[in-house]
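Now for the letters of each chain:
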Amino acid sequence: MPSILDQSTNSSSPSPPPSPVPIVVPTAQDQNTTSPDFSPICPGFFYDAVLVVAAVLFVLFLAFHAKKNLKKLFNGRSHVMVSYYALLWVVSLLNLAWCSLQAWQCSPGSETGWNILSLFTKSGLLCMEISLVAFLLQGNYANGLEALSRTFLVTGIIVGFDILLKVVYVFGFGVPLFFDVGSTHRVKWALWSIHEIVITAVYSFVLFIRFSKWAEELPPKPSFYRYIVVMFVINSIALVACMLAGIGAGFGTWLYSLIVICYHALYLPFLYVIFLADFFKEEDFLLDNAYYSEMKDAGFFDADWD
């Protein structure tokens, strides 16, 4: 029979240490199954075809009319129009390269090249938008060097600040601003939403001035207001698309892709028709009047009055 001393001795004996709890380290495969996939989505054939065909046709159009347009620009002696025509050529070539190299989004090792190309292309298009509004707000075909320098100074500051922010987010924080990653990256869509809010606010402000007591300060050009209305509508739709994509709606990414196609395929031709085509037509009209005056002074139309 065990004694009390034996029982106390057994009770005071140390208990075995608890077995350690195993620590499970997640593998890379487990992390991929739990974290959102930010891999780029390759564009389809229809997407690429529309962009490339539209960009090529517009560059060919510019090349076909280049000789005649350059002659009119030098005869018109408008520094603004010459500068804007040169900028149009640069941005059109950048847009052609951007539309033709869509495969870089899905090519390993081409991420940096695609980001740089997209950055310059987007910035060039933004520069044209800002400078066009600034040019037209200063009157019809203003050709003063002071107005030109002031316009490009303001445009350069705004576009430079926009480039700086995009460089920080793309190359500093790794935000895929220029890649189609669906609606999984909330930061990307938040940044594009802020961008669209600013652009839409600028166009809405111009429309507000049009119907205010300061309407006389704007140029009396119906084409100018048509341009503002169209750009306001496009940027408003793009803003809605970014917000829908930001909350995870697949329709938002589809709508934004449609806006991107329309913008890169149609914006430059639309801008040419609204802004530059009127200038070239006006130069033709003035040239015809000059020829008519010379012929009239030479007596070619005297028989019509006899």
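Keep in mind that this is a model prediction, so the values were computed, not measured. (Residues numbered from 1 in each chain as written. Predicted model: local features only at pLDDT ≥ 70, side-chain atom pairs only at ≥ 80, totals over all residues. Heavy atoms only, no water.)

### Comments concerning the packing of aromatic side chains
Link 1 in the chain: All told, the structure shown has 13 aromatic pairs when counted by the stated rule.
Link 2 in the chain: Measuring from centroid to centroid gives 5.3 Å for Phe-61 and Tyr-272, while their planes differ by 90°, and the two rings are edge-to-face. One end of the pair, Phe-61, is in helix H3 (residues 45-64); the other, Tyr-272, is in helix H10 (residues 250-297), and 211 residues separate them in sequence.
Link 3 in the chain: Phe-61 sits in the partly exposed class, given a relative accessible area of 33%.
Link 4 in the chain: An angle of 15° between the planes, with centres 5.8 Å apart, marks the rings of Tyr-227 and Phe-270 as stacked. With Tyr-227 in helix H9 (residues 222-246) and Phe-270 in helix H10, the pair connects residues that are 43 residues apart, well separated along the chain.
Link 5 in the chain: One aromatic cluster is present, built from ring pairs that chain together Phe-58, Phe-61 and Tyr-272.
Link 6 in the chain: Between Lys-188 and the ring centre of Trp-189, over which it is positioned, the NZ or CZ distance is 4.5 Å. (Phe/Tyr/Trp six-rings, centres within 6.5 Å; stacked < 30°, edge-to-face > 60°. Helix = DSSP H or I, 4+ residues; strand = E, 2+ residues; numbered from the N terminus. Buried < 20%, exposed > 50% of the residue type's maximum accessible area, 1.4 Å probe, protein only. Lys NZ or Arg CZ within 6 Å of the ring centre and 35° of its normal.)

### Comments concerning the layout of surface pockets
Link 1 in the chain: For the largest pocket, the calculated volume is near 730 Å³.
Link 2 in the chain: If you trace the largest pocket, you find 28 residues lining it, with Leu-126, Ile-158, Asp-162, Val-198 and Ile-199 closest to the centre.
Link 3 in the chain: Put simply, the parts of the chain that give the lining of the largest pocket at least two residues each are helix H6 (111-137), helix H7 (145-172) and helix H8 (186-210).
Link 4 in the chain: It is H8 that provides the largest number of residues to the lining of the largest pocket, a total of 11 residues.
Link 5 in the chain: In terms of residue class, the lining of the largest pocket is made up of 21 nonpolar, three polar and four charged.
Link 6 in the chain: The set of elements that each furnish at least two residues to the lining of the second largest pocket consists of H6, H8 and H10.
Link 7 in the chain: Ranked by residue count, the leading element in the lining of the second largest pocket is H10, at four residues.
Link 8 in the chain: In terms of residue class, the lining of the second largest pocket is built from 13 nonpolar, six polar and three charged. (1 Å grid on protein atoms, 1.4 Å probe; cavity = no way out; pocket = protein on both sides within 12 Å on 5 of 7 lines; lining within 4 Å. Points joined across faces, edges and corners; volume = space filled by probe spheres on them. Nonpolar A, V, L, I, M, F, W, Y, C, P; charged D, E, K, R; others polar.)

### A short note on empty space enclosed by the protein
Which parts of space are left empty comes out when a probe the size of a water molecule is rolled across the atoms.
Link 1 in the chain: Counted under the stated rule, the structure contains three cavities of 30 Å³ or more.
Link 2 in the chain: Within this model, the largest cavity holds a volume of roughly 300 Å³.
Link 3 in the chain: Forming the walls of the largest cavity are 19 residues, and the residues nearest its centre are Lys-122, Glu-129, His-195, Glu-196 and Tyr-263.
Link 4 in the chain: Only H6, H7, H8, H9 and H10 provide two or more residues apiece to the lining of the largest cavity.
Link 5 in the chain: Looking at the lining of the largest cavity element by element, the count peaks at five residues for H10.
Link 6 in the chain: Tallied by class, residues from the lining of the largest cavity come to 11 nonpolar, three polar and five charged.
Link 7 in the chain: There is about 40 Å³ of room inside the second largest cavity.
Link 8 in the chain: Elements with a contribution of two residues or more to the lining of the second largest cavity: H3, helix H5 (79-100) and H10.
Link 9 in the chain: The residue inventory of the lining of the second largest cavity, partitioned by class, reads seven nonpolar, three polar and no charged.

Any link to function would need more than the numbers given here.
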